[in-house]
Number of protein chains: 4
Amino acid sequence: MFATRSFSLLCRRSAVSAWRNTSQSAAKKRLDISGIYPPIATPFTQSEDVDYQRLDDNLKKYSNLPFRGLVVQGSNGEYPYLTPEERVQVVKRVKQTLPEDQLLMAGSGCESTRATIQMSQQMADAGADCLLVVTPCFYRGRMDSRALINHYTKVADSSPVPVVLYSVPANTGLDLPVDAIIQLSQHPNIVGLKDSGGDISRIALVVQKTRSQGFQVLAGSAGFLMAAYAVGAVGGVCALANVLGQQVCDLAQLCVSGRWDEARELQYRLIEPNTAVTRQYGVPALKQAMEWFGYHGGVCRSPLQPLSKADLEQLQVKFSSNGWL
Amino acid sequence: MFATRSFSLLCRRSAVSAWRNTSQSAAKKRLDISGIYPPIATPFTQSEDVDYQRLDDNLKKYSNLPFRGLVVQGSNGEYPYLTPEERVQVVKRVKQTLPEDQLLMAGSGCESTRATIQMSQQMADAGADCLLVVTPCFYRGRMDSRALINHYTKVADSSPVPVVLYSVPANTGLDLPVDAIIQLSQHPNIVGLKDSGGDISRIALVVQKTRSQGFQVLAGSAGFLMAAYAVGAVGGVCALANVLGQQVCDLAQLCVSGRWDEARELQYRLIEPNTAVTRQYGVPALKQAMEWFGYHGGVCRSPLQPLSKADLEQLQVKFSSNGWL
Amino acid sequence: MFATRSFSLLCRRSAVSAWRNTSQSAAKKRLDISGIYPPIATPFTQSEDVDYQRLDDNLKKYSNLPFRGLVVQGSNGEYPYLTPEERVQVVKRVKQTLPEDQLLMAGSGCESTRATIQMSQQMADAGADCLLVVTPCFYRGRMDSRALINHYTKVADSSPVPVVLYSVPANTGLDLPVDAIIQLSQHPNIVGLKDSGGDISRIALVVQKTRSQGFQVLAGSAGFLMAAYAVGAVGGVCALANVLGQQVCDLAQLCVSGRWDEARELQYRLIEPNTAVTRQYGVPALKQAMEWFGYHGGVCRSPLQPLSKADLEQLQVKFSSNGWL
Amino acid sequence: MFATRSFSLLCRRSAVSAWRNTSQSAAKKRLDISGIYPPIATPFTQSEDVDYQRLDDNLKKYSNLPFRGLVVQGSNGEYPYLTPEERVQVVKRVKQTLPEDQLLMAGSGCESTRATIQMSQQMADAGADCLLVVTPCFYRGRMDSRALINHYTKVADSSPVPVVLYSVPANTGLDLPVDAIIQLSQHPNIVGLKDSGGDISRIALVVQKTRSQGFQVLAGSAGFLMAAYAVGAVGGVCALANVLGQQVCDLAQLCVSGRWDEARELQYRLIEPNTAVTRQYGVPALKQAMEWFGYHGGVCRSPLQPLSKADLEQLQVKFSSNGWL
């Protein structure tokens with residue numbers, strides 16, 4: 001890898017490019033969330049209980065990488081498969097191991113506003129530095145801007161720690177509308193957005209319309225990380241960072257330091273592995289790839305199934321053909 | 001209404017047409033779930049707590065209608081907004097009031113298999129006669145036939161009471177595949193399907209392929225209830241039955257007794273009100289309409305919002321223009 | 001087959017059930033389009049020229065079946081692959097062979113209003129009794145009710161023969177809105193709708209809202225033909241009728257005469273073959289199946305490709321497992 | 001505007017960045033299509049005839065801008081509304097006015113392969129330098145990689161001038177699959193792709209997989225032009241360039257010369273106007289905006305309707321709030 005350790009360590013807290021600092025100068029002081037986060041997977045035992053020992057092992061390895069922090073209970077953490085108690089317990093466990101200079105961003109989104117408020121409180125108590133709140137979606141036909149603004153405002157009003165909006169249409173079938181984001185960006189306790197939809201025009205538009213507030217946009221996938229930085233995003237929450245954490249941080253650092261030609265070459269090599277562990281083969285593939293790179297992945301909770309043999313081979317090709325295996 | 005009370009009372013347990021009895025003769029003996037069910041709404045107080053008193057009031061009124069039973073914790077019950085404890089508690093409360101000859105079909109679906117198994121056990125303990133199990137959907141890209149067959153088989157294997165499959169693509173973004181339904185229809189503890197998608201060719205195909213097993217198909221909406229009966233469904237779980245319960249039962253009875261011309265005229269008048277309280281304006285509209293017809297509807301849990309004034313007027317028109325208000 | 005020849009011959013012109021005659025009594029006198037139509041395929045030579053001789057052979061065979069008429073240049077006729085001259089020429093050729101008591105319904109839809117008007121005139125001159133006009137769709141984002149009402153009104157105003165609306169979302173990505181249909185049903189030169197979308201609630205709603213005008217709804221597929229009759233449709237334009245023409249007419253006749261139990265059994269056996277020759281494997285499958293049943297199918301124009309060997313086998317199973325091969 | 005005229009003139013033929021030249025060094029020599037193209041609108045008279053005089057007026061103005069060339073008969077040219085004769089005639093007319101150093105890229109795509117081949121020949125004869133060939137789409141369920149590779153190969157084999165692939169899912173409901181693009185990139189007469197879908201990971205992947213062939217990717221919209229350049233695209237076919245031609249060229253030049261911070265600021269201001277004249281309000285909005293900026297826009301052919309008053313006002317705001325009006 002062309003990026004050395006010392007080089008990429010810089011990425012932890014300084015990763016705000018010049019133009020953004022300038023544009024934020026007049027804005028309210030907000031928690032700086034810029035940088036790279038893996039949305040960590042939740043290891044399970046063969047009987048599908050949370051395997052806290054293996055979780056600790058992974059966390060120890062991640063602590064050596066220049067992440068801005070960890071996302072706990074993102075989509076890749078199988079949070080919909082955990083009980084409320086498990087969700088909080090995992091956050092506590094991560095907090096014990098996390099380096100002091102890293103952020104713990106905890107996914108506290110539930111379907112109802114009251115459950116989200118309660119979970120947000122519990123996760124803050126458990127040590128979360130900020131909260132990633134997914135759009136409620138079951139009644140998606142009624143989840144218009146009015147409902148979503150109302151939901152997020154109530155959650156942010158009551159949350160002890162800052163809130164990050166989270167739009168992930170592949171899972172929720174719902175894109176948080178831009179007008180809702182713009183209005184919510186004015187809330188003092190809402191600091192940014194994780195956008196996993198990947199519509200790059202939309203990401204640019206959100207940056208344009210919210211940067212005067214100091215609102216920060218994170219790419220929700222390594223597949224469009226470079227393009228997102230190009231249009232003004234300040235970081236990413238990338239499933240692939242569970243597997244190729246150093247490389248995703250390197251890509252971010254190349255973007256932040258304006259070395260776009262090198263960034264482009266690295267970005268190319270990450271697209272296929274990224275697609276494979278996200279929309280193509282999902283969490284089971286992410287966990288399988290983690291095993292190849294020295295982490296504990298293991299089984300998913302049912303109903304998620306292990307990969308078929310054919311899919312497994314295809315997954316391997318996506319890494320090996322890009323020089324990672 | 002042309003259907004008299006005594007006439008439609010017949011509909012409770014006898015609603016299996018001749019052709020179906022014949023075709024089922026060789027099949028395993030299964031719980032007869034044929035007939036009409038309202039998927040009951042959950043009343044809340046102004047502070048959004050479950051209002052058990054108002055729930056009791058509604059149940060008392062429903063007990064005078066010729067329903068085959070009640071569905072508790074269907075999509076219209078706002079089950080994703082209830083805690084696991086509330087879900088069980090509501091089932092218990094309904095059981096206390098339900099007439100002995102009616103079925104309590106409880107929605108026990110959760111995202112993970114283990115949570116669904118646990119909830120199914122708890123609901124059976126609380127008095128459920130059978131369980132309505134929605135497709136898990138958050139990782140819909142991985143919810144193929146293999147995963148869903150695995151999920152439902154484990155749930156049905158362990159459930160103390162029969163299981164009804166539940167496909168509701170408008171909410172889940174996922175249609176339970178026909179090949180999975182056909183395979184699952186052979187499980188002795190899986191007795192039927194509630195299909196809310198409304199693809200009438202698909203419903204007919206499922207009936208054709210599963211009737212030799214005694215598998216029973218319920219229409220998931222009053223909008224296509226007559227057509228579903230025409231192609232072999234044996235009942236319906238219809239949101240509109242919360243509001244126009246007698247009329248939905250009348251429609252079912254007309255179909256069962258082969259009075260198709262009368263059925264058609266009644267069906268016409270139910271389509272617009274049905275669409276209005278389901279996909280058009282959703283649960284807030286259903287609860288509003290319940291108020292007009294003497295039931296307690298009231299507020300939804302946030303993030304569901306009350307109807308706007310304009311929507312409210314439109315909703316009223318859909319009922320009045322069809323002669324119901 | 002349980003339906004005898006003489007029995008089903010009745011279906012040609014008398015196929016309007018009692019309830020409909022009554023409801024139409026006050027309506028304007030319109031061309032009666034009730035009954036079954038195959039949307040005929042266009043045979044090509046190996047060099048992909050229109051094979052008029054083979055077309056004649058097919059027409060001769062179809063003339064022995066109790067169709068209400070033929071649809072020429074529907075989606076299954078590969079009309080988007082024909083030149084304007086070929087489209088008119090095929091209509092002329094069909095007119096020469098068509099029995100006098102059958103209708104020639106010609107597909108005259110083009111993307112622009114002016115081209116549609118011109119093609120409608122030419123097809124009427126070539127002998128079309130009425131015109132099937134598909135929704136323009138390339139700029140589907142702009143094809144709202146206003147645009148579509150404007151389009152159809154201009155076409156119907158100028159057309160020498162009656163117009164049938166045609167909504168086929170699988171090909172166009174566009175559903176003709178119900179409010180547009182209702183308004184257009186009042187045009188004296190618009191006599192009906194072919195609905196290929198198959199949303200049975202929508203079909204029922206359209207019948208309810210337009211029957212006082214004498215507007216007639218045709219099912220666009222044999223897969224939901226019985227359900228469509230059940231809710232008030234008066235016929236069907238069914239790709240499968242190119243292959244199993246007698247059987248589709250039999251199904252229609254059973255519905256019209258209220259023999260629903262027999263209809264249901266026949267409907268079941270037509271669903272899988274129908275799906276196979278339409279949305280599953282498309283026109284190449286329809287043409288292949290035609291060969292099996294004594295018609296000329298042959299190649300499609302490129303870019304439509306012949307079926308793969310695996311698809312071909314699956315296609316055959318869909319017919320044989322339902323007792324047709 | 002910060003970009004001076006002389007500066008941006010450089011963009012016409014030299015717009016290939018260093019990294020790309022290097023990677024192409026071993027590739028076959030191909031027509032260089034890098035740069036910016038407006039997909040020109042087709043002016044009509046009030047009676048909806050092609051208004052060649054107004055077309056000439058527009059062309060004269062465009063000739064003063066640093067375009068790489070013009071796209072004639074793209075989606076914004078209302079090509080589906082023109083007769084085959086008109087399509088060729090418009091190409092001829094453009095050729096008469098076009099500066100010698102600019103490319104005429106003509107849209108020759110039709111639904112059938114044979115019509116596309118014929119149209120390609122006619123357009124080449126009329127003066128087209130290369131052809132933009134949209135994916136056939138009416139039978140989109142059958143338009144898999146096999147069919148599309150077959151189609152494009154036949155077209156490219158017979159075309160006298162180079163072919164550019166064209167994927168525009170908003171209009172066609174079909175995304176040209178990446179594996180098909182990769183295979184087609186090896187054809188000596190296929191030089192590039194216009195991608196209007198805007199999935200930036202996909203665009204990057206296509207560049208990665210085809211650049212060794214010298215295959216060139218053009219962004220299909222100004223909304224993601226900067227991001228596309230960032231990941232390796234070499235130009236754009238941008239509806240907005242009909243209105244803000246200089247500005248789109250400026251953006252391209254800033255990207256090519258690595259002035260990303262300036263590019264980003266310009267990109268922001270183009271997103272809302274771009275969305276407004278494309279997916280939001282479509283061709284009628286593009287033509288309206290052209291009027292504001294000194295070009296002839298005028299009416300569209302029916303069924304496209306003029307904007308409503310409310311939409312018109314919104315459109316104006318999208319330009320004025322970004323400082324263009």
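Residue positions within a chain follow its written sequence, with the count starting from 1. For this description, chains carry letters from A and ligands carry numbers from 1, given in the order in which they are written. Whole-chain, interface and lining totals are the exception, using all residues; otherwise, since this is a predicted model, local features are given only for residues with pLDDT of at least 70 and side-chain atom pairs are given and counted only at 80 or more. Remark: hydrogens and water are excluded; side-chain values derive from all non-hydrogen atoms of the structure.

**Regarding the overall build of chain A**
Right, on to step 1. Within chain A, the secondary structure is distributed over 15 helices and eight strands.
Right, on to step 2. This radius of gyration counts C-alpha atoms alone. The globule rule is 2.2 Å times how many residues there are, raised to the power 0.38. Here chain A has a C-alpha radius of gyration of 18 Å; the compact-globule value for 325 residues is 20 Å, and the two agree.
Right, on to step 3. In terms of principal-axis extent, the alpha carbons of chain A reach across some 50 × 45 × 40 Å.
Right, on to step 4. Taking the contacts inside chain A whose residues are at least 6 apart along the sequence as the reference set, 75% of them involve residues at least 24 apart.
Right, on to step 5. Here the Shrake-Rupley method, with its probe set to 1.4 Å, supplies the accessible areas, and only the displayed protein chains count as covering residues. Accessible area for chain A stands at about 10,400 Å²; split by element, carbon and sulfur atoms hold 51% of it. Going along the chain from the N terminus, every DSSP run of H or I of four or more residues is numbered as a helix, and every run of E of two or more is numbered as a strand. Throughout, a contact is declared for two residues whenever any of their heavy atoms are within 4.5 Å.

**Let's talk about helix α7 (residues 145-158) of chain A**
Residues and elements named next belong to chain A.
Right, on to step 1. What a helix is expected to span follows from its residue count: subtract one and scale by 1.5 Å. Given a rise of 1.5 Å per residue, 14 residues ought to cover 20 Å, and the 20 Å separating the end C-alpha atoms of α7 matches this to within 8%.
Right, on to step 2. For every residue, the accessible area obtained with a 1.4 Å probe (protein chains only) is divided by the maximum for its type, and the residue is called buried under 20%, exposed over 50%, and partly exposed between those limits. Taken residue by residue, α7 has S145, A147, L148, I149, H151, Y152, V155 and A156 as its buried positions.
Right, on to step 3. On its buried face, α7 is in contact with α6 (113-125), β4 (130-134), β5 (163-167), α9 (178-184) and β6 (190-195).

**Considerations on the interface of chain A and chain B**
Many descriptions give the size of an interface as the accessible area lost when the pieces come together.
Right, on to step 1. Taken residue by residue, the interface counts 42 residues in chain A and 42 residues in chain B.
Right, on to step 2. In this description, buried area is defined as the sum, over both parts, of the accessible area (probe of 1.4 Å) that is lost when the two are combined. Of the roughly 3,400 Å² buried between chain A and chain B on both sides combined, carbon and sulfur atoms contribute 51%.
Right, on to step 3. For chain A, the biggest contributors to the area lost against chain B are F138, Y139 and R142 of chain A; these three give 22% of the whole.
Right, on to step 4. Salt bridge criterion: a side-chain nitrogen from Lys or Arg within 4 Å of a carboxyl oxygen from Asp or Glu. Our count for the contact surface shared by chain A and chain B stands at two salt bridges.

**Thoughts on the environment of H187 of chain B**
Residues and elements named next belong to chain B.
Right, on to step 1. Within the secondary structure, H187 sits in the loop between α9 (178-184) and β6 (190-195).
Right, on to step 2. A relative accessible area of 13% means that H187 is categorised as buried.
Right, on to step 3. Between the C-alpha atoms of H187 and V163, which are 24 residues apart in sequence, the distance is 9.7 Å.
Right, on to step 4. Excluding its chain neighbours within four sequence positions, the residues that come into contact with H187 are R30, T153, A156 and D157.
Right, on to step 5. Separated by 3.0 Å, the side chain of H187 and the backbone nitrogen of N189 make a polar contact. Pairs of N or O atoms within 3.5 Å make up the polar contacts considered here, provided that, within protein, one atom can donate a hydrogen while the other can accept it, and that residues adjacent in sequence are counted only when both atoms are side-chain atoms.

**Points about the relation of the copies chain A and chain D**
Right, on to step 1. The atoms used to superpose the copies are C-alpha atoms, taken from residues with pLDDT of at least 70 in both, and the fit is least squares. For the pair chain A and chain D, the relating rotation is 180°, the translation along its axis is 0.0 Å, and the fit reaches an RMSD of 0.0 Å. Classification of the inter-copy transformation places it as that of a two-fold axis. Taking C-alpha positions as the reference, the residue of chain A nearest the rotation axis is A227 of chain A, at 2.6 Å.
Right, on to step 2. Interface overlap between copies: 100% of the residues of chain A at the interface are likewise at the interface in chain D, consistent with a symmetric, same-surface contact.

**Thoughts on the sheet that holds β5 of chain A**
Residue and element names in this part refer to chain A.
Right, on to step 1. Strands qualify as paired when DSSP identifies two bridges or more between them. Pairing is parallel in the open sheet, where eight strands are placed in the order β1-β8-β7-β6-β5-β4-β3-β2. Here the strands that pair on one side only, and so sit at the sheet edges, are β1 (35-37) and β2 (69-72). Between one strand axis and the next, the sheet turns by 25° as a mean value, whatever way the strands run.
Right, on to step 2. As paired elements, strand β3 (residues 103-107) and β4 share three bridges and run parallel to each other. By the bridge assignment, M105 is partnered in β4 with C130. Lines fitted to C-alpha atoms define the axes here, with helix axes fitted over just the stretch in contact, and angles between the N-to-C directions of these axes take values from 0 to 180 degrees.

**Regarding the packing of helix α12 (residues 245-256) of chain B against helix α13 (residues 260-280) of chain B**
Axes are the key here: two packed helices are described by the angle between their axes and the distance separating the axes.
All names here are of chain B.
Right, on to step 1. Running from N to C, α12 and α13 cross one another at 150°; their axes reach a closest spacing of 8 Å. As far as their axial angle goes, α13 and α12 are roughly antiparallel. Note that α12 runs across α13; the crossing there is left-handed. Between α12 and α13, the residues in contact are Q247, D250, L251, L254 and C255 and W260, E262, A263, L266, Q267 and L270, respectively.
Right, on to step 2. The residue inventory of the contact of α12 with α13, partitioned by class, reads seven nonpolar, two polar and two charged. Oblique is the label for any angle not under 35 degrees, not over 145, and not in the 65 to 115 range, which are roughly parallel, roughly antiparallel and roughly perpendicular in turn. Crossing handedness is defined as follows: a turn of the near helix away from the far one that is anticlockwise and smaller than a right angle gives a left-handed crossing, while the clockwise case is right-handed. In this classification, the charged set is Asp, Glu, Lys and Arg, the nonpolar set is Ala, Val, Leu, Ile, Met, Phe, Trp, Tyr, Cys and Pro, and all remaining amino acids, among them Gly, are polar.

**With respect to the packing of aromatic side chains**
Right, on to step 1. Aromatic contacts are taken between Phe, Tyr and Trp rings whose centres are within 6.5 Å, Trp giving its six-membered ring; a plane angle under 30 degrees counts as stacked, one over 60 as edge-to-face, and the others as tilted. Applying the stated criterion to the full structure yields 30 aromatic pairs over all chains.
Right, on to step 2. The interplanar angle of 65° and the centroid separation of 6.0 Å between the aromatic rings of Y62 of chain B and F67 of chain B together place this pair among those described as edge-to-face.
Right, on to step 3. A ring pair is formed by F138 of chain D and Y139 of chain D, whose centres lie 5.1 Å apart and whose planes are at 85°; its orientation type is edge-to-face. Y139 of chain D shares its class with F138 of chain D; the two are buried.
Right, on to step 4. One aromatic cluster in this structure is built from Y79 and Y81 of chain A together with F138 and Y139 of chain B.

**Some words on the UniProt feature "binding site: pyruvate" (unreviewed entry) in chain A**
Residues and elements named next belong to chain A.
Right, on to step 1. UniProt positions are given in the numbering used here, feature names are shortened, and annotations may be inferred rather than shown by experiment. According to UniProt, the positions carrying the feature "binding site: pyruvate" (unreviewed entry) are V237.
Right, on to step 2. On the basis of relative accessibility, which here comes to 0%, the residue V237 falls in the buried class.
Right, on to step 3. Those residues in contact with V237, other than ones at most four positions away along the chain, are Y37, P39, V71, K194, L218, A219, G220 and S221.

**Side note on the relation of the copies chain A and chain B**
Right, on to step 1. With an axial shift of 0.0 Å and an RMSD of 0.0 Å, the rotation relating chain A to chain B amounts to 180°.
Right, on to step 2. Both copies share a contact surface, since 100% of the interface residues of chain A are interface residues in chain B too.

**Thoughts on the interface of chain A and chain D**
Right, on to step 1. Each partner contributes residues to the interface: chain A has 28 residues there, and chain D has 28 residues.
Right, on to step 2. Ranking the residues of chain A by area buried against chain D places Q208, R264 and Y268 of chain A at the top, with a combined share of 23%.
Right, on to step 3. Here chain A and chain D share six salt bridges between them.
Right, on to step 4. R279 of chain D serves as the salt-bridge partner of D199 of chain A, at 3.7 Å between the closest nitrogen and oxygen.
Right, on to step 5. At the surface where chain A touches chain D, the tally comes to 14 residue pairs in polar contact (both at pLDDT 80 or more).
Right, on to step 6. Looking at the side of chain A that touches chain D, the elements with two or more residues in it are α10 (200-210), α11 (225-230) and α13 (260-280) of chain A.

**Points about the side chain of T172 of chain C**
Right, on to step 1. Inspection of the secondary structure assignment puts T172 of chain C in helix α8 (residues 169-172).
Right, on to step 2. The class of T172 of chain C is buried, set by a relative accessible area of 0%.
Right, on to step 3. Beyond its immediate chain neighbours, meaning those up to four positions away, T172 of chain C contacts V134, T135, C137 and R140 of chain C together with F138 and R140 of chain D.

**Looking at helix α12 (residues 245-256) of chain C**
Residues and elements named next belong to chain C.
Right, on to step 1. The end-to-end C-alpha distance of α12, which contains 12 residues, comes to 17 Å, matching closely the 16 Å that a straight helix rising 1.5 Å per residue would cover.
Right, on to step 2. Within α12, 11 of the 12 residues are buried, leaving the element largely enclosed by the surrounding structure.
Right, on to step 3. For α12, the complete set of buried residues consists of G245, Q246, Q247, V248, C249, D250, L251, A252, Q253, L254 and C255.
Right, on to step 4. Residue G258 follows α12 closely and has a positive phi angle near 75°.

**Re the sheet that holds strand β4 (residues 130-134) of chain D**
All names here are of chain D.
Right, on to step 1. Here we have eight strands laid out as an open sheet, ordered β1-β8-β7-β6-β5-β4-β3-β2, and parallel in their pairing. Each edge of the sheet is formed by a strand with only one pairing partner; in this case those strands are β1 (35-37) and β2 (69-72). Adjacent strand axes in the sheet meet at a mean angle of 25° when their direction is disregarded.
Right, on to step 2. Pairing analysis gives four bridges linking strand β6 (residues 190-195) to strand β7 (residues 216-219), with the strands arranged parallel. Across the sheet, residue K194 finds its bridge partner in β7, namely L218.

**As for the environment of D57 of chain A**
All names here are of chain A.
Right, on to step 1. Its location among the elements puts D57 in helix α4 (residues 52-62).
Right, on to step 2. By relative accessible area, D57 is classed as partly exposed at 28%.
Right, on to step 3. Considering only alpha carbons, one finds D57 and V168, 111 residues apart in sequence, at a separation of 28 Å.

**Structural notes on the confidence of the model for chain A**
Right, on to step 1. When pLDDT is averaged across chain A, the result is 92; 91% of the residues are at 70 or more.
Right, on to step 2. Counting contacts from residues 1-27 of chain A, a segment whose pLDDT is below 50, to residues more than four positions away or on other chains yields 61 contacts. Per residue, pLDDT measures the predictor's confidence, with a range of 0 to 100.

**A short note on the UniProt feature "active site" (unreviewed entry) in chain A**
Residue and element names in this part refer to chain A.
Right, on to step 1. The sites that UniProt annotates as "active site" (unreviewed entry) are Y166 and K194. Judged by maximum C-alpha separation, these annotated positions cover 29 residues in sequence but sit close together in space, the widest gap being only 4.8 Å.
Right, on to step 2. Not counting residues within four places of it along the chain, the set of residues in contact with Y166 comprises S75, L132, V133, V134, T135, Y152, L193, K194 and S196.
Right, on to step 3. With respect to the helices, strands and loops of the structure, K194 is situated in strand β6.
Right, on to step 4. We classify K194 as buried; its relative accessible area is 2%.
Right, on to step 5. Contacts of K194, omitting those with residues within four sequence positions, involve L132, V164, L165, Y166, S167, L218, G220 and V237.

**Here we look at the arrangement of the chains**
Right, on to step 1. With no contact formed, the shortest span from any C-alpha in chain A to any C-alpha in chain C equals 19 Å.
Right, on to step 2. No part of chain B reaches chain D; the closest C-alpha pair between them is 19 Å apart.

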